[in-house]
Amino acid sequence: AQKITQTQPGMFVQEKEAVTLDCTYDTSDQSYGLFWYKQPSSGEMIFLIYQGSYDEQNATEGRYSLNFQKARKSANLVISASQLGDSAMYFCALPREAGTALIFGKGTTLSVSS
Amino acid sequence: EPEVTQTPSHQVTQMGQEVILRCVPISNHLYFYWYRQILGQKVEFLVSFYNNEISEKSEIFDDQFSVERPDGSNFTLKIRSTKLEDSAMYFCASSPGQSSYNSPLHFGNGTRLTVT
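Computed from a prediction, not measured in an experiment: that's the story for all the values here. (Residues numbered from 1 in each chain as written. Chains lettered and ligands numbered in written order. Predicted model: local features only at pLDDT ≥ 70, side-chain atom pairs only at ≥ 80, totals over all residues. Heavy atoms only, no water.)

> Please explain the interface of chain A and chain B as it appears in this structure.
A common way to state how big an interface is: give the accessible area lost once the parts meet. Taken together, the 21 residues of chain A in the interface contact 24 residues of chain B. A buried area of about 1,800 Å², summed over both sides, lies between chain A and chain B, and 57% of it is on carbon and sulfur atoms. The interface formed by chain A and chain B contains one salt bridge. Its salt-bridge partner being A:Arg96, residue B:Glu56 comes within 2.8 Å of it at the nearest N-O pair. Here chain A and chain B share seven residue pairs in polar contact (both at pLDDT 80 or more) between them. Within the residue set of the side of chain A that touches chain B, elements represented by two or more residues are β5 (33-39), β6 (46-52), β10 (88-95) and β11 (102-104) of chain A. Broken down by element, the residue count for the side of chain A that touches chain B peaks at four residues, all from β5(A). (Contact = heavy atoms within 4.5 Å. Buried area = accessible area lost by both parts, 1.4 Å probe. Salt bridge = Lys/Arg side-chain N within 4 Å of Asp/Glu carboxyl O. Polar contact = N/O pair within 3.5 Å; in protein donor to acceptor, adjacent residues only side chain to side chain. Helix = DSSP H or I, 4+ residues; strand = E, 2+ residues; numbered from the N terminus.)

> I keep staring at the state of the cysteines and nothing clicks. Help me out?
Any covalent bond linking the sulfur atoms of two cysteines counts as a disulfide. All names here are of chain A. Under the criterion given, the structure shown has two disulfides over all chains. Between the sulfur atoms of Cys-23 and its disulfide partner Cys-92 the distance amounts to 2.0 Å. The chirality of the disulfide connecting Cys-23 with Cys-92 is left-handed, given an S-S dihedral of about -65 degrees. Of the two residues, Cys-23 sits in the loop between β3 (19-21) and β4 (24-26) while Cys-92 sits in strand β10, which places them 69 residues apart along the sequence. (Disulfide = S-S within 2.5 Å.)

> Help me understand the layout of surface pockets, please; the structure alone is not making it clear to me.
Rolling a probe over the atoms, with the probe sized like a water molecule, indicates the empty space that remains. Quantified by volume, the largest pocket comes out at close to 380 Å³. Lining of the largest pocket is provided by 19 residues; of these, A:Met45, B:Glu3, B:Val4, B:Phe107 and B:Asn109 occupy positions nearest its centre. Those elements giving two or more residues to the lining of the largest pocket turn out to be β6 of chain A together with β1 (5-7) and β10 (106-107) of chain B. Here the residues of the lining of the largest pocket sort into nine nonpolar, seven polar and three charged. Lining of the second largest pocket is provided by 16 residues; of these, A:Ile103, A:Phe104, B:Lys42, B:Val43 and B:Glu44 occupy positions nearest its centre. Sorting the residues of the lining of the second largest pocket by element identifies β1 (3-5) and β11 of chain A together with β5 (43-50) of chain B as the ones contributing at least two each. Across the lining of the second largest pocket, the residue classes tally to six nonpolar, four polar and six charged. (1 Å grid on protein atoms, 1.4 Å probe; cavity = no way out; pocket = protein on both sides within 12 Å on 5 of 7 lines; lining within 4 Å. Points joined across faces, edges and corners; volume = space filled by probe spheres on them. Nonpolar A, V, L, I, M, F, W, Y, C, P; charged D, E, K, R; others polar.)

> What is the right way to look at the packing of aromatic side chains in this model?
To describe a pair of aromatic rings, you give the distance between the ring centres and the angle between the ring planes. The tally for this structure, following the rule as stated, stands at 18 aromatic pairs over all chains. An aromatic cluster of at least three residues, connected via ring pairs, comprises A:Phe35, A:Tyr37, A:Phe47, A:Tyr50, A:Phe91, A:Phe104, B:Tyr33, B:Tyr35, B:Phe45, B:Phe91 and B:Phe107. A:Lys70 extends its terminal NZ or CZ atom over the ring of A:Tyr54, reaching a point 3.8 Å from the ring centre. (Phe/Tyr/Trp six-rings, centres within 6.5 Å; stacked < 30°, edge-to-face > 60°. Lys NZ or Arg CZ within 6 Å of the ring centre and 35° of its normal.)

> Can you help me understand the pairing of β5(A) in this one?
Each regular strand carries side chains that alternate between the two faces of the sheet. All names here are of chain A. Within β5, seven of the seven residues are buried, leaving the element largely enclosed by the surrounding structure. Side chains Gly-33, Phe-35, Tyr-37 and Gln-39 of β5 all project onto a buried face; the interleaved residues Leu-34, Trp-36 and Lys-38 project onto the opposite face, where all are buried too. Pairing between β5 and β6: six bridges, direction antiparallel. Bridged to Tyr-37 within β6 is Phe-47. Linking two consecutive strands that pair antiparallel, namely β5 and β6, is a turn of six residues; a positive phi of about 105 degrees is found at Gly-43 within it. (Buried < 20%, exposed > 50% of the residue type's maximum accessible area, 1.4 Å probe, protein only. Pairing = 2+ DSSP bridges.)

> I'm lost on the sheet that holds β1(B) in this one. Help?
Pairing between the strands of a sheet comes from backbone hydrogen bonds, and it takes one of two forms, parallel or antiparallel. Residue and element names in this part refer to chain B. Spatially, β1-β3-β8-β7 is the arrangement adopted by the four strands of the open sheet, whose pairing is antiparallel. Of all strands in the sheet, those bounded by a partner on one side alone are β1 and β7 (65-68). In this sheet, neighbouring strand axes are inclined to one another by 20 degrees on average, regardless of whether the strands run parallel or antiparallel. Where β7 lies against strand β8 (residues 75-79), four bridges are found, and the strand directions are antiparallel. What sits directly across from Ser-66, in β8, is Lys-78. (Axes fitted to C-alpha atoms, helices over the stretch in contact; angles between N-to-C directions.)

Remember that the coordinates give geometry; whether it matters functionally is a separate question.
Have a look at this one:
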């Protein structure tokens, strides 16, 4: 069955450090995309970055990058040079099998301190 | 930048009452979704809507729920007889294409539903 797993309920990092948020998944789709979203304490869901399963390069978007290992079915989010504003919940997401809607992992709460 | 708009931001209702949550998706988007998030928990898929009909739904989306796109801009979620466990943040989202083709969902700010 399709599944997204985020094993780190909480991560703590200091400003300017890099942090990796883990995501593993399982799907029977041959072609799929992986998404990361940020949810600050204000509650909105903000799209951060996308990785296609057939993309040859790991996705990057500013300070965000994906460490995508297709064979291991993992798509870890790397945030470089953390900022206080990065403190939020982060969700990994994957399309439902043969569908369009995304399913989300349980999320990781990131706390950045000065 | 265009955005998904949800109203109201907070709705309080009594158990057994009907509620309608409203959303205005981004105008050129074709796929529409409702999700819910019980406080502090994961974001759960309810239903997706494409070409004026439901295209997918989860096991959560039972007969108590319905969706409608009554005109060219609004997208609504109706809960017929609310239960205490329906208390959650409800998010509307839209996308221009299928999410498997680099088409992320754009979320509204949510409606917090409190059932008393």
